[in-house]
Each structure stands twice: as C-alpha cells, then as structure tokens.
Amino acid sequence: GRYEQAGTLLKKIIRQQPDNYTARLNLAVVHMKMNAFHEAHIILSDLYDEQPYNTDVLINLGITRIGLGETAAGLDLLNQAELRGFKKPFELYFHKGIALSALERFDQAKLAYGKAEAIDPTHEDLLFNTALLFDRQKEYATAVEYYERYLKQTVRFKKTDNRQKVVNRVRVLNSYLASSN
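To start, this report covers the structure provided alongside it.

Considering the pattern of salt bridges
Scanning the model with the defined rule gives 7 salt bridges in all. For the salt bridge of Glu82 with Lys96, the shortest nitrogen-to-oxygen distance reads 2.5 Å. Of this pair, Glu82 sits in helix α5 (residues 71-83) while Lys96 sits in helix α6 (residues 89-102), and the two are 14 residues apart along the sequence. Judged by relative accessible area, Glu82 falls into the partly exposed class, the value being 26%. Owing to a relative accessible area of 11%, Lys96 belongs among the buried residues under this scheme. Across the pair Glu139 and Lys110 runs a salt bridge, and its minimum N-O distance is 2.5 Å. In this pair, Glu139 is assigned in the loop between α8 (124-136) and α9 (140-153) and Lys110 in helix α7 (residues 106-119), connecting sequence segments 29 residues apart.

Concerning the side chain of His31
Relative to the helices and strands, His31 is located in helix α2 (residues 21-33). On the accessibility criterion, His31 (12% relative accessible area) is buried. If near-sequence neighbours (up to four positions away) are discounted, His31 is found in contact with Ala36, Glu39, Ala40 and Ile43.

Brief notes about the packing of aromatic side chains
Throughout the structure, instances matching the rule amount to 5 aromatic pairs. Through a chain of ring-to-ring contacts, the aromatic side chains of Phe90, Phe94 and Tyr113 assemble into a single cluster. Just above the ring of Tyr3 sits the side chain of Arg2; from NZ or CZ to the centre is 5.4 Å.

How each quantity is defined
Residues numbered from 1 in each chain as written. Predicted model: local features only at pLDDT ≥ 70, side-chain atom pairs only at ≥ 80, totals over all residues. Heavy atoms only, no water. Salt bridge = Lys/Arg side-chain N within 4 Å of Asp/Glu carboxyl O. Helix = DSSP H or I, 4+ residues; strand = E, 2+ residues; numbered from the N terminus. Buried < 20%, exposed > 50% of the residue type's maximum accessible area, 1.4 Å probe, protein only. Contact = heavy atoms within 4.5 Å. Phe/Tyr/Trp six-rings, centres within 6.5 Å; stacked < 30°, edge-to-face > 60°. Lys NZ or Arg CZ within 6 Å of the ring centre and 35° of its normal.

As structure tokens, then:
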C-alpha cells in the first residue's frame, strides 16, 4: 500500500543522500506505521546519536521503544521530549498515556489522556484507550461514557472487530450498573 511505496521512495532518496535527516526520520515513521518497530529503532537510534536533543527524534524513539515493549525507557524519552517543548502535544500525551497505563500508573495515565483529550476530544484510539483504562479501574460508568463516545466516532460500516466487542462490553457494563443501583 501507501506506506510500502513511501518506504521505497525514501530508501531511494537515502541511498542517494545518506545524510538526509528528513528522509531518514520519515522512513522511521513509515516503519512505525507498519509496526516494524525494530527497523524504526535502528534508524532512530542513529538519529538520536547525531541529534540527542531533537524532539522529533525523542518522541518517535520513545514511541518505538514502547512498541518494542521497553515501556519505561520509552516513557523516559517522551518525558525528555516534553521537557524540550515537543511541538505536537497530542501525540506526546496520547503515547504517555499508553506507557503509563502499561506501567500500571493509572492516575498519571488518566492525566495524560485528559491532556490529549483537551486537544482532540474525538480521536478514536484515545477514546478507546481511555475507556479501557477506566474499565480496568472498575470505573464502569465513566468507561461506558468513553466506549459510547468511541462508538459514535467510528464509522458504522468501518471494518473493525473492536466495534462489536465494544457494543457487547457496553451492554454488560450497563447491565451491571443497572443491577447495582
């Protein structure tokens, strides 16, 4: 698809211009979009060695480390990007929320997701992840609110396994909440 084509083009540019920072960063992002975190990590590690204070490198390397299961290290890189004034705060707070939730630092994850939500309150993945977080914390009424907002954002005919699972989970939680009142 599109990412494969972009990757092919970027690799061609890099062969001709091996020091092209933008092409290398974009290739790493393409790898990330394709869940090829190992390949992205190799490129981003080289870029980090060259520019350790570059916030684009810090955030993408942080996300890659999270994708590789190195959550604490990824969170540290996201925190460094935040301290240096990363220019895309939604992406920063969303991925901090993911990392903090994975590390079971739930109150901090809620704060990070809340900051991301203030920037983009309709982001499907954010709504879904926030619902999961509240569900996991047994805050079922709030979880249902986020699940329902997620369902409203997803296109009805979109091919997704999550949609029916979410509908079923909302039914279960609503039944539970009705029986406990």
